[in-house]
Amino acid sequence: MGVAVTPATTLDAQKLRADFPVFDELVNGKPFAYLDSASSTQKPRQVLDAMREFYEHSYANVHRGVYALAERATAGYEGAREKVRAFVNAPSNREIVFTRSATEALNLVAYAWGLDNLGPGDVVVITELEHHSNFVPWQFIAKRTGATFAHIPIDDFGELQLDALDDIEKLGNVKVVANNLVSNSLGTINPVEKLAAWAHEHGAIMVVDAAQAAPHRPIDVQALGCDFLAFSSHKLCGPSGSGALWGRRELLEAMSPFNLGGEMIRSVRLDATSWNELPYKFEAGTPAIAEAYGMGVAIDYITEVGLDAIAEHEHELTAYALDLLGEIPGMRLFGPPAERRAGIVSFEVEGVHPHDVAQILDWEGIAVRAGHHCTQPLMTRLGVAATTRASFYLYSLPEDVDRLVAGIRKVKDTFGV
Ligand SMILES: Cc1ncc(COP(=O)(O)O)c(C=O)c1O
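Conventions used here
Residues numbered from 1 in each chain as written. Predicted model: local features only at pLDDT ≥ 70, side-chain atom pairs only at ≥ 80, totals over all residues. Heavy atoms only, no water. Helix = DSSP H or I, 4+ residues; strand = E, 2+ residues; numbered from the N terminus. Rg over C-alpha atoms; globule rule 2.2 N^0.38 Å. Buried < 20%, exposed > 50% of the residue type's maximum accessible area, 1.4 Å probe, protein only. Contact = heavy atoms within 4.5 Å. Lys, Arg positive; Asp, Glu negative; His and termini not counted. Charge placed at Lys NZ, Arg CZ, Asp CG, Glu CD. Pairing = 2+ DSSP bridges. Axes fitted to C-alpha atoms, helices over the stretch in contact; angles between N-to-C directions. Near = heavy atom within 4 Å. Polar contact = N/O pair within 3.5 Å; in protein donor to acceptor, adjacent residues only side chain to side chain. Areas by Shrake-Rupley, 256 points an atom, 1.4 Å probe, with all protein chains shown as cover. Nonpolar A, V, L, I, M, F, W, Y, C, P; charged D, E, K, R; others polar. Expected span 1.5 Å × (residues − 1). Arc of directions from axis to C-beta. Core = buried A, V, L, I, M, F, W, Y, C linked by side-chain atoms within 4.5 Å. Phe/Tyr/Trp six-rings, centres within 6.5 Å; stacked < 30°, edge-to-face > 60°. Lys NZ or Arg CZ within 6 Å of the ring centre and 35° of its normal.

S.K.: What's the story with the overall build of the chain in this structure? I'm lost.
M.R.: Each helix and strand counted, the chain has 14 helices and 17 strands in total. Since a compact globule built from 417 residues should have a radius of gyration of about 22 Å, the 22 Å found for the chain is in line with a globular shape. The buried share among the 417 residues of the chain stands at 56%. For the chain, the proportion of contacts with a sequence separation of at least 24, taken over those separated by at least 6, is 70%. Computing the positive centroid from 35 side-chain charges and the negative centroid from 54, the chain places the two 4 Å apart.

Okay, here's the thing in structure tokens:
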């Protein structure tokens, strides 16, 4: 595909930036330091060009037409499914469901599996650092079904306190454990394999939110030992409006559909309807066709750069950022040490609201996120309403970190703290 560097164990972020048109532009008159990739990533020309070409030459609805264009569109769409399968090392294409996002994928599992499999006496286990996308659906479905909603607490480093599982198992029949592989607020890398083993010992399923993991490190659903895994395209250099759910075939086969309508049926009569085979049972209506195709191209792109190289690059930036930020007086850094976290750094500049920090950094051409990051229970645990978060990706540079540090010094000068 011709990314700006060849796959290797290290990557050259400066060269890769040539693939991203956004970095040709100045922001507020300054070179752009984009430190909000945990929220959404920038897009390389390879993805933009491929989607444009798809729309210009191969676009039609999928699975319906017998004409040439429809067949090309269907081949592109189904080709992307195979790319997703290989990307997460799933055993079969039939286990890959295209969704609009990680959020929709997690809702699909909570509704379609949860409503039929949970009831009073059952326990749904989530964690204190879950994103709302993997928290709220389970809280809602637990309430609807009468199941108990339990959480694994974190310690002061923002790491899961697995000792709490001994008490949680006493609450009833554990049926689901739902956890993110990487925390979007703290960067904590969570022990999903251990949780999956524990879940299975208890006859429960393991649902993995890989929204912050799949873009940044190799994913192998078979090695993780989980039952469902969800991620979004827009966080891995692909378009928004597409995402994927992997689910174990026997579980997907046994589940009722989530959305109902065209394409997800086998036959419809006045008295009854039967469902299509996997994965189409879960893909009602016209899907996000070019977006699924674009997700496949983005997967090619990051695979060619190398997921190990991306993880290593982000690790180096994270360690560098934690060192430099830690030297600034009045900084509170949240989360575990660099060796146990992904490329996310959340912090508080004492005496300054995170939104003010982000605003002043923006004037310097530095984009960070300020807020609760869709993790309000975690913010409550940390005793803050919000944090400022810098997050890295394959195009992030050590210079971005230097500018962040200089920007924070400017924030402190401005507020006299
Ligand atoms: C850990 C985590 N899970 C789920 C989501 C939801 O992803 P999306 O908004 O793409 O559905 C996010 C998005 O920030 C996330 O960080």
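S.K.: Would you take a moment to explain the sheet that holds strand E6 (residues 148–152) for this structure?
M.R.: Through backbone hydrogen bonds, the strands of a sheet pair up, either in parallel or in antiparallel fashion. Spatial strand order, E4-E10-E9-E8-E7-E5-E6: seven strands in an open sheet with mixed pairing. Two strands lie at the open edges of the sheet, namely strand E4 (96–99) and E6, each paired on one side alone. If you compare each strand with its neighbour and ignore which way they point, the axes differ by 20 degrees on average. The pairing of strand E5 (residues 122–127) with strand E7 (residues 173–180) spans four bridges and is classified as parallel. Note that in E7 the partner of Val125 across the bridge is Val177. The strands touched by helix H4 (residues 102–117) within the sheet are E4, E5, E7, strand E8 (205–209), strand E9 (228–232) and strand E10 (243–247), with E9 carrying the most contacts at an inclination of about 155 degrees.

S.K.: I would appreciate a short explanation of the site of the ligand in the present structure.
M.R.: Around the ligand sit Ser101, Ala102, Thr103, His131, Ser133, Asn184, Asp209, Ala211, Gln212, Ser232, His234 and Lys235, and those are all the residues in its vicinity. Measuring from an oxygen atom of the ligand, one finds a side-chain N or O atom of Thr103 at 2.5 Å. The side chain of Ser232 places a nitrogen or oxygen atom 2.5 Å from an oxygen atom of the ligand. For the ligand, the accessible surface in isolation is 390 Å², of which the surrounding protein chains cover 87%. Here the residues of the shell around the ligand are counted per class, giving two nonpolar, eight polar and two charged.

S.K.: Please clarify how helix H2 (residues 45–57) should be interpreted in this entry.
M.R.: Because each turn of an α-helix spans 3.6 residues, side chains separated by three or four positions in sequence point in the same direction. The terminal C-alpha atoms of H2, which comprises 13 residues, lie 18 Å apart, in line with the 18 Å expected from a rise of 1.5 Å per residue. Residues Gln46, Val47, Ala50, Met51 and Phe54 constitute the buried set of H2. All buried residues of H2 lie within an arc of 125 degrees about the axis, which places them on one face of the element. Those residues of H2 that are exposed and aimed more than 90 degrees away from the buried face are Arg52 and Glu53. Packing partners of the buried residues in H2 comprise helix H3 (68–88) and helix H10 (289–305).

S.K.: I keep staring at the sheet that holds strand E13 (residues 331–334) and nothing clicks. Help me out?
M.R.: With respect to topology, four strands assemble into an open sheet ordered E13-E14-E17-E16, the strand pairing being antiparallel. Of all the strands in the sheet, just E13 and strand E16 (369–371) have a single pairing partner and so form its edges. Direction aside, the axes of adjacent strands within the sheet are offset by 30 degrees on average. Note that strand E14 (residues 344–349) and strand E17 (residues 387–391) share four bridges and pair antiparallel. By the bridge assignment for E17, Ser346 is matched with Arg389. The strands touched by helix H11 (residues 307–326) are E13 and E14; relative to E14, the strand with the most contacts, the crossing angle is about 10 degrees. Sheet strands in contact with helix H12 (residues 354–363) are E14, E16 and E17, and its direction is about 160 degrees off that of E16.

S.K.: Help me understand the side chain of His313 in this model?
M.R.: Its place among the elements puts His313 in helix H11. With residues near it in sequence (within four places) discarded, His313 still touches Leu11, Ala13, Tyr393, Leu394 and Ser396.

S.K.: How do you make sense of the nonpolar core when you look at a structure like this?
M.R.: Across soluble globular proteins, nonpolar side chains have a tendency to be buried as a group. Judged by nonpolar contacts, the single largest core of 82 residues is most densely connected at Phe87, Val88, Met206, Leu229, Phe231, Ile302 and Leu394. Looking at this core, the element that brings in the most residues is H10, giving ten residues. Other than its neighbours up to four places away in sequence, Leu229 contacts Val88, Val208, Ala210, Ile219, Val221, Leu224, Ala244, Leu245 and Trp246. Val97, Ala110, Ala112 and Trp138 belong to the second-largest nonpolar core, a separate cluster that totals 28 residues.

S.K.: What should I look at first to understand the packing of aromatic side chains in this one?
M.R.: Aromatic ring pairs are described here by two measures, namely the spacing of the ring centres and the angle between the planes. By the definition in use, this model includes 15 aromatic pairs. For the pair Phe87 and Phe231, a centre-to-centre distance of 5.7 Å together with 70 degrees between the ring planes defines the contact as edge-to-face. Highlighted residues: Phe87 in helix H3 and Phe231 in strand E9, separated in sequence by 144 residues. Looking at Phe231, the relative accessible area reads 2%, which means it is buried. Connected via pairs of aromatic rings, a cluster forms that spans Phe20, Phe23, Phe32, Tyr34, Tyr301, Tyr393 and Tyr395. For the cation-ring pair, Arg340 lies above Phe157, with the distance from its terminal atom to the ring centre recorded as 5.9 Å.

S.K.: Explain the environment of Asp36 here, please?
M.R.: Following the sequence through the fold, Asp36 ends up in the loop between strand E3 (33–34) and H2. For Asp36, a relative accessible area of 11% puts it in the buried group. Measuring from C-alpha to C-alpha, the distance between Asp36 and Tyr393 comes to 8.8 Å, with 357 residues separating the pair along the chain. A polar atom in the side chain of Asp36 sits 3.4 Å from the side chain of Arg389.

S.K.: Can you help me understand the pairing of E6 in this one?
M.R.: The two faces of a sheet get side chains in turn, since along a regular strand they alternate between them. Here five bridges tie E5 to E6, and the two strands are oriented parallel to one another. If you follow Ile126 over to E6, its bridge partner there is His151.

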